[in-house]
Amino acid sequence: MIWIRTSLAAAGLAVTTAIPASAEIVASTCRLLSYDGPITTVETFRCDFMQQSGNILVNSAEHEFSFLAAEQGETYIRINSIPMSFTRTGEYTLEVTQSPWLR
């Protein structure tokens, strides 16, 4: 009887760990600072923020950004603050303020 319960528990755990966790989409405000030599342009817009397994996806009508967890510190710098920022050196900085009350 104990063996059956242990087997069922192990099977249940295997099923729940095989199902990918769903990510919540959070309505946010984005501020994009684009660097073009000595000129920096600033654009503010509404965006959707999603994080799953450390990977970040930020979408808007105008832009789409993807920041893979495995590339953090290599292709971009992430700073967890308010606002959260993602910098691709020499290209841009994206600031994300999560604000689910926007919509």
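It should be noted that the structure appears before, not after, this text.
Since this is a predicted model, take the numbers as computed values, not measurements.

Before going further, it helps to spend a moment on the pattern of salt bridges. Considering all chains together, one arrives at one salt bridge under this definition. Ionic pairing is found between Glu-95 and Arg-31, a salt bridge with its closest N-O pair at 3.0 Å. Residue Glu-95 is found in strand β7 (residues 92-98), and its partner Arg-31 is found in strand β1 (residues 25-36); the two are separated by 64 residues along the sequence.

Of all residues except glycine, most have a negative phi; of all peptide bonds, most are trans. The omega torsion across Ile-82 and Pro-83 is 0°, close enough to zero to call that bond cis. Mapped onto the elements, Pro-83 comes out in the loop between β5 (77-79) and β6 (84-88). Notably, Ser-53 is not glycine yet its phi reads approximately 55°, a positive angle. In this fold, Ser-53 is placed in the loop between β2 (39-52) and β3 (55-59). By relative accessible area, which is 70% here, Ser-53 ends up exposed.

Thresholds, definitions, all that
Residues numbered from 1 in each chain as written. Predicted model: local features only at pLDDT ≥ 70, side-chain atom pairs only at ≥ 80, totals over all residues. Heavy atoms only, no water. Salt bridge = Lys/Arg side-chain N within 4 Å of Asp/Glu carboxyl O. Helix = DSSP H or I, 4+ residues; strand = E, 2+ residues; numbered from the N terminus. Buried < 20%, exposed > 50% of the residue type's maximum accessible area, 1.4 Å probe, protein only.

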